[in-house]
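# Examining the three-dimensional arrangement
Listed here are the chains, written in short residue letters.
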Amino acid sequence: MPAYMIARVKVHDPEGYEAYKTKASAAIEAHGGRYLARGGALEVLEGEDSGARLVIVEFADMDTARAFYNSDAYQEAVKIRQPVSEGNFIVVEGL
């Protein structure tokens with residue numbers, strides 16, 4: 001069953017964030033993930049917008065999503081992301 005990682009990230013340093021995107025993309029690809037949405041146009045239909053960019057990545061299943069997130073390669077990317085942004089990451093099982 002597919003799993004979806006959903007991230008909302010407020011970027012404070014766009015230049016610094018670019019290095020994170022490069023490393024994160026490589027780690028996602030290494031775990032068979034694929035971007036479904038990546039910081040594109042966003043419209044709030046109900047509630048308040050946090051102003052954060054939205055990223056959705058599809059993985060084969062929950063175990064693969066967890067393996068990606070906990071991988072050494074992605075954790076190196078996290079060390080780059082955290083000083084330049086604030087993030088909220090979840091993973092949800094698909095249908």
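Up top is the structure.
Notes on the structure follow. (Residues numbered from 1 in each chain as written. Predicted model: local features only at pLDDT ≥ 70, side-chain atom pairs only at ≥ 80, totals over all residues. Heavy atoms only, no water.)

## Description of helix H3 (residues 72-84)
Buried residues of H3: Tyr-74, Ala-77, Val-78, Arg-81 and Val-84, and no others. Where the residues of H3 are buried, they touch strand S1 (3-11), helix H1 (14-30), helix H2 (62-70) and strand S4 (85-93). (Buried < 20%, exposed > 50% of the residue type's maximum accessible area, 1.4 Å probe, protein only. Helix = DSSP H or I, 4+ residues; strand = E, 2+ residues; numbered from the N terminus. Contact = heavy atoms within 4.5 Å.)

## Digging into the packing of H2 against H3
As a packed pair, H2 and H3 sit with axes 5 Å apart at the nearest point and diverge in direction by 55°. Judged by the angle between their axes, H2 and H3 are oblique. Of the residues in H3, those in contact with Phe-68, Tyr-69 and Asn-70 of H2 are Asp-72, Tyr-74, Gln-75 and Arg-81. Grouping the constituent residues of the contact of H2 with H3 by class yields 3 nonpolar, 2 polar and 2 charged. (Axes fitted to C-alpha atoms, helices over the stretch in contact; angles between N-to-C directions. Parallel < 35°, antiparallel > 145°, perpendicular 65-115°, else oblique. Nonpolar A, V, L, I, M, F, W, Y, C, P; charged D, E, K, R; others polar.)

## Topic: the environment of Ala-60
Among the structural elements, Ala-60 can be located in the loop between strand S3 (53-59) and H2. According to the relative accessible area criterion, Ala-60 is exposed, its value standing at 53%. For the pair Ala-60 and Gly-32, spaced 28 residues apart in sequence, the C-alpha to C-alpha distance is 7.3 Å. Excluding residues that lie within four positions of it along the chain, Ala-60 makes contacts with Met-1, Pro-2 and Ala-3.

## Points about the environment of Ser-85
With respect to the helices and strands, the residue Ser-85 is situated in strand S4. Sequence-wise, Ser-85 and Pro-14 are 71 residues apart; in three dimensions their C-alpha atoms are separated by 8.7 Å. Once residues within four sequence positions are removed from consideration, Ser-85 is found in contact with Val-9, Lys-10, Val-11, His-12 and Tyr-17. There is a polar contact of 2.9 Å between the side chain of Ser-85 and the backbone oxygen of Arg-81. (Polar contact = N/O pair within 3.5 Å; in protein donor to acceptor, adjacent residues only side chain to side chain.)

## A closer look at the nonpolar core
If you look at the biggest cluster of nonpolar residues, it comprises 19 residues, and the most contacted ones within it are Tyr-20, Val-57, Phe-59, Phe-68 and Tyr-74. Elements supplying a minimum of two residues to this core: S1, H1, S3, H2 and H3. Per element, the largest residue contribution to this core is 5 residues, and it comes from H1. Val-57 has contacts with Ala-3, Tyr-4, Met-5, Ile-28, Gly-33, Arg-34, Tyr-35 and Leu-36, leaving out every residue within four places of it along the chain. (Core = buried A, V, L, I, M, F, W, Y, C linked by side-chain atoms within 4.5 Å.)

## Describing the packing of aromatic side chains
In this structure the tally under the stated criterion is 6 aromatic pairs. Seen in terms of ring centroids, Phe-68 and Tyr-74 are 4.4 Å apart; in terms of plane orientation they differ by 40°. Their pairing is tilted. A relative accessible area of 1% places Tyr-74 in the buried class. With 5.4 Å between their ring centres and 50° between their planes, Tyr-69 and Tyr-74 make a pair best called tilted. Judged by relative accessible area, which is 32%, Tyr-69 ranks as partly exposed. Counting every residue linked through ring pairs, the aromatic cluster contains Tyr-17, Tyr-20, Phe-59, Phe-68, Tyr-69, Tyr-74 and Phe-89. Its guanidinium or amino end placed over the ring of Tyr-35, Arg-38 lies 4.4 Å from that ring's centre, counting from NZ or CZ. (Phe/Tyr/Trp six-rings, centres within 6.5 Å; stacked < 30°, edge-to-face > 60°. Lys NZ or Arg CZ within 6 Å of the ring centre and 35° of its normal.)

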